[in-house]
Amino acid sequence: LLKNVERSSVGCTNIKLDLMDEHTINTMVSETLRLLPRLTRSLSSVICHKTKGNPLFVSHLMLSLSKEGLLRPSLSRRRWEWEMEKIEDRELPDDVAMFLNNSIMELPDGVQSSLCILSCFGASANVSFIETLERALQKNIRDDLDVAVAKGLLDKIGVEYRFSHDRIQEATYNMMEDGTRRLFHFTYGLSLASLSIEEECDGILFIAVNQLNLGGPAIVQDPSQSFTVAGMNLRAGKKAMEMSDFKTASSYFNHGISFLREHHWGEHYDLSLELFELAAKCALSNGDHKRVSLLFEQVLGVAHSFEDKLEITYTYVRSLLTSSCLGEALTKGLYVLNELGIVLSGDLDALLVETKSMLAEHSDEQLLSLPVMTDRTKLMAMKFLSRTQTCLLHTNPKSQPKATLHMVQYSLRHGMSGLSSLGFVLYGSFLACLGDIPAGYRYVKIAIKLAEKLNAIGSIGEVLAVGSQVMGYVEPLQSVNEVIVRSLECGLAVGSISNAMLSCLMNTVCAFWSGKQLSLVKSTVDDTLRLMASHSTLVWILQTLPLYRTVLAMIGNVDDVPIILGSRSDIETEKERKMSETNLHLLKVVHFNKLYVGFMFRRYDEVKQLAVAYDAIASLPFSSILISHCMHVFYWGLINFWIARKTMDVIWFDRGEKAIEKMRSYAECSSWNFQNKLLLLQAEQCFYLEDIESAKRFYDAAILSAKEHKFVHEEALACELAGHFMLESGEGRAALPYFLLAQKKYHEWGAYAKEESLGKFEQFGRETTTETNIDLSIPAEPDLRKRRAS
């Protein structure tokens, strides 16, 4: 009927019928029997009780009552009548599934058998699969299913057979005893498994393994079958990993392990080792760190050699790192490297000179053409070097480059691998951190080309993530987000959750500092924190929360925040404070964000107190450059000039000057990203030096540069600081246009709390025009002769 309607181009709407209540059933019965509702209420009550309100069963029951004469038309009374007592006493089971079971039992044995087979595969199956099943079982199924269609138990829609209702499928499935069902599942699985091998069809493989697993290990009688099924699960799990479905893959590997018999480590060592290794890897991808630890401990006690322990030990180290057990992760990583003959000691400067000398022997093209590393142990050494450098980044940043330089040298000596690209991008980041941004950018480009050439799907995400941080010093910051998003996609595709979460964090940082609308930034971070929590990536949660609280402070009055680490994410916990004591990178992030918020809301006493503590943290060594580092320099410089004006202490001024020199070097690499920041720092410098005219020109130039380069938040800040300058210089009426424009720009950014905080400056007279004359020329360097006049 539906097909005919569609062919006639008649519009129709599909309506899904849910279970009906007694009132609705009474309406249906009264209209069907053409009687008043009060007359049919008792009958409807019985029907509702018997059918549980299912529309399909209501129709079946009324037809059945009519056939049996319990519901019939009365010619004398000219209406329908029924025998209530007999209907109530009728042996209709209360359970609807059993009611349908009785209906199914009336079908021929062959039809019942085919329905049972279909029920083992779910609520529906297309014709092509039914044909596959017929080949595997060597049984005609379709003819029986067509009989069930005629009886209304199945629907055939297009090329799909489907149970008319899920309760019919359930009733059919429950006709079989549990043991019988398991045996059928296992038998169907074996038959389909053979066919999947014969026809080389992955789709059949997944269905076959699912059936085998529904059968379960207890149904297996032949021990050899257990290992066959374990191997099938291994194969299916690998296929699922290729499809980036790590939850399904984890299920296959765990089922495979469950089929292993006693003494499996002795009889099927290779199969057992691979199942445990991949099960641990998927558990890590799914955030199940307890499962990783359990699998690691089991392999550790039975592995034949140190080399056989390496893969699962590497997964365990990654798990420790992700769950912020940095000390233990570092200890295990260094132990393995020592056993492999790699010692991270010696003088860093000498190691850097040696690395530069080795690289000088190769052009970019030659580096990309070096032989490929194939030795399994050496490849594992590169893996441990890569994660050791990550641990050092958080615990001992000064030593991090040693691991990076060893990765580069190891690649030059033993050949290139996917992780060699990570080594090169980290090396580029190190060079940029040392101040040679062009050289660092060069090695970032080499690293990306190498990863793409080697199809390093396991490394490309992290390479892009690290590389994006260097790109942010050369390319427009707004465009770097695209690179970070790609790195996130690559990480998720290979189940590298830690790297994917790192990309999420970097995406948030880049979005905030590029001036993206704050409501969108908040929404992104909400999703990021929930995703991080679902995968138990504590190390990245802790790095994300400080910036998130900064976003909330700028927006103001936000109640809808996710619950993270057992508490609202807008409240710093004691656990976070303790974690920051041992994580130097986190310590700097936490202090900077507090300093930033205090500065933005002009809380001078708080800022000065924080600045004294931050000064010691700011000098901590970092050996990888991040986009946030240039922002630290920028705001640290602004804060120092502010405190210098308040205290007239030249020490604060000197720190501000150092920030200018650093920002000038950044601006030489990217005027787009850093010109406006340099100009604003110079304006604040002139403000301190009381060079009023130069300060005015620098403020206007900073405002214009921020506008041209699409940094709305920094345009707002430049306007605000210009307003403060005018106000403190005694030009209150000239300050108002700057404050009003700052309010407008903060509103565009979504910083509503910050916008509101500037409202008090409107008292200086709204009659002044909101337009300000901006000098388009870049002013000359300020006269520093007044520097120590104070």
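In this text the structure is predicted, and so the values were computed from the model without any measurement.

Definitions and limits used
- Residues numbered from 1 in each chain as written.
- Predicted model: local features only at pLDDT ≥ 70, side-chain atom pairs only at ≥ 80, totals over all residues.
- Heavy atoms only, no water.
- Helix = DSSP H or I, 4+ residues; strand = E, 2+ residues; numbered from the N terminus.
- Rg over C-alpha atoms; globule rule 2.2 N^0.38 Å.
- Buried < 20%, exposed > 50% of the residue type's maximum accessible area, 1.4 Å probe, protein only.
- Contact = heavy atoms within 4.5 Å.
- Areas by Shrake-Rupley, 256 points an atom, 1.4 Å probe, with all protein chains shown as cover.
- Lys, Arg positive; Asp, Glu negative; His and termini not counted.
- Charge placed at Lys NZ, Arg CZ, Asp CG, Glu CD.
- pLDDT = per-residue confidence, 0-100.
- Core = buried A, V, L, I, M, F, W, Y, C linked by side-chain atoms within 4.5 Å.
- Expected span 1.5 Å × (residues − 1).
- Pairing = 2+ DSSP bridges.
- Axes fitted to C-alpha atoms, helices over the stretch in contact; angles between N-to-C directions.
- Disulfide = S-S within 2.5 Å.
- 1 Å grid on protein atoms, 1.4 Å probe; cavity = no way out; pocket = protein on both sides within 12 Å on 5 of 7 lines; lining within 4 Å.
- Points joined across faces, edges and corners; volume = space filled by probe spheres on them.
- Phe/Tyr/Trp six-rings, centres within 6.5 Å; stacked < 30°, edge-to-face > 60°.
- Lys NZ or Arg CZ within 6 Å of the ring centre and 35° of its normal.
- Parallel < 35°, antiparallel > 145°, perpendicular 65-115°, else oblique.
- Left-handed = near helix turned anticlockwise from the far one by under 90°.
- Nonpolar A, V, L, I, M, F, W, Y, C, P; charged D, E, K, R; others polar.

(A) Examining the overall build of the protein chain more closely. On a plain count of helices and strands, the protein chain comes out with 40 helices and 7 strands. Its C-alpha radius of gyration of 36 Å places the protein chain more than 25% over the 28 Å reference for a compact globule of 790 residues. Referenced to the eigenvectors of the C-alpha coordinate spread, the extents of the protein chain come out at roughly 115 × 75 × 50 Å. Out of the 790 residues belonging to the protein chain, those deemed buried represent 56%. Long-range pairs, those at least 24 residues apart, make up 68% of the contacts in the protein chain with a sequence separation of at least 6. As presented, the protein chain carries roughly 34,700 Å² of accessible surface, and 52% of it is formed by carbon and sulfur atoms. Of the charged side chains in the protein chain, 82 are positive and 96 negative; the average position of the first set lies 2 Å away from that of the second.

(B) Summary view of the confidence of the model for the protein chain. In this model, the protein chain carries a mean pLDDT of 88, and residues with pLDDT of at least 70 account for 92%. The element-level mean pLDDT for the protein chain is lowest in helix H1 (residues 2–7), coming to 60, with helix H36 (residues 671–689) highest at 97. Within the model, the stretch residues 767–778 combines pLDDT values under 50 with 20 contacts to residues more than four positions away or in other chains.

(C) Examining the nonpolar core more closely. Leu115, Tyr596, Phe599, Tyr635 and Leu717 are the most contacted members of the largest nonpolar core, which has 243 residues in total. Ranked by residue count, the leading element in this core is helix H34 (residues 627–647), at 13 residues. Discounting residues that sit within four places of it in the chain, Tyr635 has contacts with Trp513, Phe592, Tyr596, Phe599, Met600, Glu714 and Leu717. With 18 residues, the next largest nonpolar core counts Val29, Leu33, Cys48 and Leu71 among its residues.

(D) Structural detail: helix H13 (residues 223–242). Along its 20 residues, H13 runs 30 Å from first to last C-alpha, staying within 8% of the 28 Å computed at 1.5 Å per residue. For H13, the set of buried residues is Ser226, Phe227, Val229, Ala230, Met232, Asn233, Leu234, Ala236, Gly237, Ala240 and Met241. Phi turns positive one or two residues past the end of H13, at Ser244, with a value near 60°.

(E) Geometry of the environment of Ser705. With respect to the helices and strands, Ser705 occurs in helix H37 (residues 692–708). On the basis of relative accessible area, Ser705 is assigned to the buried category, the value being 2%. On a C-alpha basis, the gap between Ser705 and Ala500 in space is 34 Å, while along the polypeptide they are 205 residues apart. Apart from the residues lying within four places of it in its own chain, the contact partners of Ser705 are Gln675, Asn676 and Leu679.

(F) A look at the environment of Gln138. Tracing the chain through its elements places Gln138 in the loop between helix H8 (127–137) and helix H9 (142–150). By relative accessible area, Gln138 is classed as exposed at 74%. The spacing of Gln138 and Ala236 is 98 residues in sequence and 24 Å in space, taken between C-alpha atoms.

(G) Structural context of the environment of His585. Mapped onto the fold, His585 is located in helix H32 (residues 584–600). In this structure the C-alpha to C-alpha distance between His585 and Pro397, which are 188 residues apart in sequence, comes to 8.0 Å. Apart from residues lying up to four places away in sequence, His585 is in contact with Leu393, His394, Gln543, Phe622 and Leu626.

(H) Inspection of the sheet that holds strand S4 (residues 154–157) at higher detail. Taken in spatial order, the 3 strands of this open sheet run S3-S5-S4, and their pairing is antiparallel. If you trace the sheet from one side to the other, it starts and ends with strand S3 (124–126) and S4, each paired once. Within this sheet the neighbouring strands show an average axis-to-axis angle of 20°, counted without direction. Where S4 meets strand S5 (residues 160–163), 4 bridges bridge the pair, whose relative direction is antiparallel. What sits directly across from Ile157, in S5, is Glu160. Docked against the sheet, helix H7 (residues 109–119) engages S3, S4 and S5, running at close to 95° with respect to S5.

(I) Structural context of the state of the cysteines. Tallied over the full model, the rule gives 0 disulfides. Of all cysteine sulfurs, the one in Cys325 lies closest to Cys391, which takes part in no disulfide; the gap is 10 Å. Counting only cysteine sulfurs, Cys630 is the nearest neighbor of Cys669, a cysteine outside any disulfide, at a range of 11 Å.

(J) Empty space enclosed by the protein, seen in detail. Applying the stated criterion across every chain yields a total of 3 cavities of 30 Å³ or more. Looking at the largest cavity, its volume works out to about 490 Å³. Along its surface, the largest cavity is lined by 31 residues, and Leu502, Leu505, Met506, His585 and Leu626 are the ones closest to its centre. For the lining of the largest cavity, the elements supplying multiple residues, two or more each, are helix H22 (376–395), helix H24 (418–434), helix H26 (460–471), helix H28 (497–513), helix H30 (538–555), H32 and H34. Counting residues per element, the lining of the largest cavity draws most heavily on H28, at 7 residues. Estimated volume of the second largest cavity: approximately 40 Å³.

(K) Inspection of the side chain of Glu720 at higher detail. Residue position: Glu720 is located in helix H38 (residues 712–728). For Glu720, the residues in contact, after removing those within four places along its chain, are Met600, Arg602, Tyr738, Phe739, Ala742, Tyr746, Lys754 and Leu758.

(L) Highlighting the packing of aromatic side chains. On inspection of all chains with the given rule, the structure shows 31 aromatic pairs. Between Phe206 and Tyr252, the ring centres sit 5.9 Å apart and the planes meet at 15°, which makes this aromatic pair stacked. Within this pair, whereas Phe206 is found in helix H12 (residues 202–215), its partner Tyr252 is found in helix H14 (residues 246–259), the two being separated by 46 residues in sequence. Taking the relative accessible area as the measure of exposure, Phe206 reaches 16% and is therefore buried. With a relative accessible area of 4%, Tyr252 lands in the buried category. Centre to centre, the rings of Tyr604 and Trp642 are 5.3 Å apart; their planes meet at 75°, and the pair counts as edge-to-face. On the criterion of sequence distance, the pair formed by Tyr604 in helix H33 (residues 604–618) and Trp642 in helix H34 is long-range, its members being 38 residues apart. One aromatic cluster is present, formed by Phe512, Trp513, Phe592, Tyr596, Phe599, Tyr604, Tyr614, Phe634, Tyr635, Trp636, Trp642 and Trp749 through successive ring pairs. Looking at Lys646, its charged tip hangs above the ring of Tyr604, at a distance of 5.7 Å from the centre.

(M) Main features of the layout of surface pockets. Roughly 980 Å³ of volume is contained in the largest pocket. Along the wall of the largest pocket there are 34 residues; nearest its centre are Lys281, Lys383, Ile457, Gly458 and Val494. Taken together, the elements giving at least two residues each to the lining of the largest pocket come down to H13, helix H16 (269–285), helix H18 (306–322), H22, H24 and H28.

(N) Region of the structure containing unusual backbone geometry. Residues other than glycine seldom take positive phi values, yet Glu200 does so here, at roughly 50°. The backbone of Asn455 shows a phi angle near 50°, a positive value even though the residue is not glycine. Note on placement: Asn455 falls in the loop between helix H25 (437–453) and H26. Using a relative accessible area of 57% as the deciding quantity, one classes Asn455 as exposed.

(O) Highlighting the packing of H16 against H18. Direction vectors running N to C along H16 and H18 enclose 15°, while the axes themselves pass 10 Å from each other. Accordingly, the angle class assigned to the pair H16 and H18 is roughly parallel. H16 and H18 meet at a crossing whose hand is left-handed. Listed contacts from H18 to Tyr269, Leu273, Phe276, Glu277, Ala280, Lys281 and Leu284 of H16 are Asp308, Glu311, Ile312, Thr315, Arg318, Ser319 and Thr322. A per-class count over the contact of H16 with H18 returns 6 nonpolar, 3 polar and 5 charged.

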